[in-house]
Amino acid sequence: TESLPSAKLSKIAWYGLYNWARPYGAFVFRGHAGGVMGGLADMDYLPDYGRGYAVMINSGNKKALSQIAKLVSQYVIRDLTPPALPPAAPVPAELQRHYAGYYQGINPFMQLFYPVERLLNIRRLVFATNGLSITTYDLHHEQWVPVTERLFRKENQSAATLALLPDADGKTLIQTEFGTFKKVSALRVWGQRVAIGLIALLTLSSPLFTLVWGLRKLCGRLHDAGPLSVRVMPLLSAVLLMALFGFLATALWTLVFGDLIGEIMTWGVPSLFTVSIMLLTIAFPVAAAASLYFVYRERHAAMNRMAYWHSVLVAAAMAAVAIYMGYWGLIGLRLWA
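Residues numbered from 1 in each chain as written. Predicted model: local features only at pLDDT ≥ 70, side-chain atom pairs only at ≥ 80, totals over all residues. Heavy atoms only, no water.

**A closer look at the sheet that holds strand 3 (residues 39-46)**
- Taken together, four strands build an open sheet; the order of strands is 1-2-3-4 and the sheet is antiparallel. Two strands bound the open sheet, and with one partner strand each, they are strand 1 (20-24) and strand 4 (51-57). Averaged over neighbouring strand pairs, the angle between their axes works out to 25° when direction is ignored.
- When strand 1 meets strand 2 (residues 27-36), the two strands line up antiparallel, connected through five bridges. (Pairing = 2+ DSSP bridges. Helix = DSSP H or I, 4+ residues; strand = E, 2+ residues; numbered from the N terminus. Axes fitted to C-alpha atoms, helices over the stretch in contact; angles between N-to-C directions.)

**A word on the layout of surface pockets**
- When its volume is computed, the second largest pocket comes out at roughly 950 Å³.
- What lines the second largest pocket is a set of 28 residues, among which V116, L119, L241, F245 and V321 lie closest to the centre.
- If you list the elements that add at least two residues to the lining of the second largest pocket, you get helix 3 (114-120), helix 4 (186-218), helix 5 (228-257), helix 7 (272-297) and helix 8 (305-327).
- Residue classes in the lining of the second largest pocket are distributed as 25 nonpolar, three polar and no charged. (1 Å grid on protein atoms, 1.4 Å probe; cavity = no way out; pocket = protein on both sides within 12 Å on 5 of 7 lines; lining within 4 Å. Points joined across faces, edges and corners; volume = space filled by probe spheres on them. Nonpolar A, V, L, I, M, F, W, Y, C, P; charged D, E, K, R; others polar.)

**A look at the packing of helix 7 against helix 8**
- In contact at an axis separation of 8 Å, helix 7 and helix 8 are set at 140° when each is read in the N-to-C sense. Here helix 7 is positioned oblique relative to helix 8, judged by the angle of their axes. Where helix 7 crosses over helix 8, the two elements pack in a sense that is left-handed. Touching T281, F284, P285, A288, S291, L292 and V295 of helix 7 are Y308, S311, V312, A315, A316, M318, A319, V321, A322 and M325, all from helix 8.
- Taken together, the residues that form the contact of helix 7 with helix 8 break down as 14 nonpolar, three polar and no charged. (Parallel < 35°, antiparallel > 145°, perpendicular 65-115°, else oblique. Left-handed = near helix turned anticlockwise from the far one by under 90°. Contact = heavy atoms within 4.5 Å.)

**Structural notes on the packing of helix 4 against helix 8**
- Helix 8 packs onto helix 4 with a crossing angle of 130° between their chain directions and a minimal axis gap of 9 Å. Between helix 4 and helix 8, the angle is such that the two are oblique. Pair helix 4 / helix 8 crosses with left-handed handedness. Together, I199, L202, T203, S205, S206 and F209 of helix 4 and H310, L313, V314, A317, M318 and V321 of helix 8 make up the contact between the two elements.
- Along the lines of polarity and charge, the residues of the contact of helix 4 with helix 8 split into eight nonpolar, four polar and no charged.

**Observations regarding the sheet that holds strand 9 (residues 151-154)**
- One closed barrel accounts for eight strands, arranged 5-6-7-8-9-10-11-12; its pairing is antiparallel. Each adjacent strand pair in this sheet contributes to an overall mean axis angle of 30°, direction not counted.
- Pairing of strand 10 (residues 162-164) with strand 11 (residues 173-175), which is carried by two bridges, proceeds in the antiparallel orientation. Its bridge partner being in strand 11, A163 is matched across the sheet by Q175.

Below you can see the structure in the form of structure tokens.
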């Protein structure tokens, strides 16, 4: 980790090229992990104790490797006396005020998922008398202890894994184990949350509305139906978005909990999965644009106004998502190109 911005302050543990540090409670292992098609490996050692291990499996299952490595690590340190945890250091009030707040990840592990990750990878830093509290999207909570005024360790670990970086180009940054985060305003974070919530609500409400008016139409009781295009096109956009989200969520889940190397290799060729994603990233924006066109064209049509304005809101939400996708280059996405 000597090439990270935090190296100017001191070394922090975790990810790095070749030989990297991995805290395990008070102990700090060194080593590296990696994988190829059909296999994963992990090699770690304790340089001060002359102990270590190597694990190799004929599988791409990262969860299995992690569980095995954890058990082996526990065995390696079974009779060792843990090193003393560094004492807490004071953090100036000026630094606390400057760094407290919300942060958004800016260096994704995979650029493909960054448009989604940047909306979800949100941290909040809150300083207290006993150290630093960090929450992920105000949900997952972790407690950190200052090693110096800018370096922090998790309360049960001895090595620093978080750094308050000096401001660069007017940006306030922090460095954690696996990423760099930029400070953003609370308004931006809550604006994103509200937007995500509204778009999700409108997307899910479209099929539910369809069940209501669809049954009424089948029963001959929908007398103020109006042009069906106003109802059907926003519904089609919502269904295509849910299908696209399902494909991407499956891909992300597989990357996190499944065969990382194997999945990346299979994404590099045309397949049912990759072609489906490409077609969905084309069909959805087209349907979103058509939805806007029809709700505008039929704005004076005689139909139930609640149904009409619901279609308008759904169409606007789908258009917003399509514009966001276009901005990040996700329209017509070819994973094999």
